[in-house]
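# Structure at a glance
The residues making up each chain are set out below.
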Amino acid sequence: MNTTHRAVLVSLLGLSLAASAAVLKTDAAKSSVSATFKQMNVPIESKFKKHNIVIDYNAAAPETSKATVEIETASMDLGDADMNKEVAKKEWFNSAQFPKATFTSTAIKSAGPGKLTVTGKLTIKGKAADVSFPLTVKADGKNQVFDGALPIKRLAFNIGEGEWKDTGMVADDVTIKFHVVAQ
């Protein structure tokens, strides 16, 4: 193969790879982000009603993929209007000062067929931490479906200050779950 043919082949291959990487359009109606925790040893799952998820996914080269997530902390729905107002207060999310929790990926790696390991920076209430978690991805028609769970310690992010630091009432362990449908 001469140099000209090689250059054309490399160019075409580059165009093919570039075409397979794309920012996916998230279906907000089918996607969800929730937090699961225990209150007085009873499991509770609450959804965040407002979030923005951007996934730039390349199935052929997952290491070139990126993801960002923004969650409006005041949109947490515990199923009770008074409790929803309470978690937006300073002792919990302090939504007036910190309206959004964010995650920005720094690395996405294949962990086998349909499995990824995602690493990045999670920021809640002004506190940032490096995190890593498993993620599954599967094709569903024209859609890509991403499912994952990220365990955190709420006190590491000052969620529950003052009397709420006591983990006897609300456990320190929280799992952030997400289900993202995108095309």
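The text that follows walks through the structure, step by step, so that each part is easy to find.

About the thresholds
- Residues numbered from 1 in each chain as written.
- Predicted model: local features only at pLDDT ≥ 70, side-chain atom pairs only at ≥ 80, totals over all residues.
- Heavy atoms only, no water.
- Phe/Tyr/Trp six-rings, centres within 6.5 Å; stacked < 30°, edge-to-face > 60°.
- Helix = DSSP H or I, 4+ residues; strand = E, 2+ residues; numbered from the N terminus.
- Buried < 20%, exposed > 50% of the residue type's maximum accessible area, 1.4 Å probe, protein only.
- Contact = heavy atoms within 4.5 Å.

## What about the packing of aromatic side chains?
- Summed over the entire model, instances satisfying the criterion amount to five aromatic pairs.
- A centroid spacing of 5.3 Å and a plane angle of 50 degrees characterise the contact between W92 and W164, whose relative ring orientation is tilted. Here W92 is found in the loop between α2 (81-88) and β7 (100-110), whereas its partner W164 is found in the loop between β10 (143-153) and β11 (170-182), with 72 residues between them in sequence.
- By relative accessible area, W92 is classed as buried at 9%.
- Through a chain of ring-to-ring contacts, three or more aromatic side chains come together here, namely F103, F133 and F178.

## Examining the environment of V181
- The residue V181 is located in strand β11 in this model.
- What makes V181 buried here is its relative accessible area of 7%.
- Residues V181 and S32, spaced 149 residues apart in sequence, show a C-alpha to C-alpha distance of 8.8 Å.
- The contact partners of V181, leaving out residues within four places of it in the chain, are K25, T26, D27, K30, S31, N143, Q144 and V145.

All quantities given are derived from atomic positions and should not be read as evidence of function.
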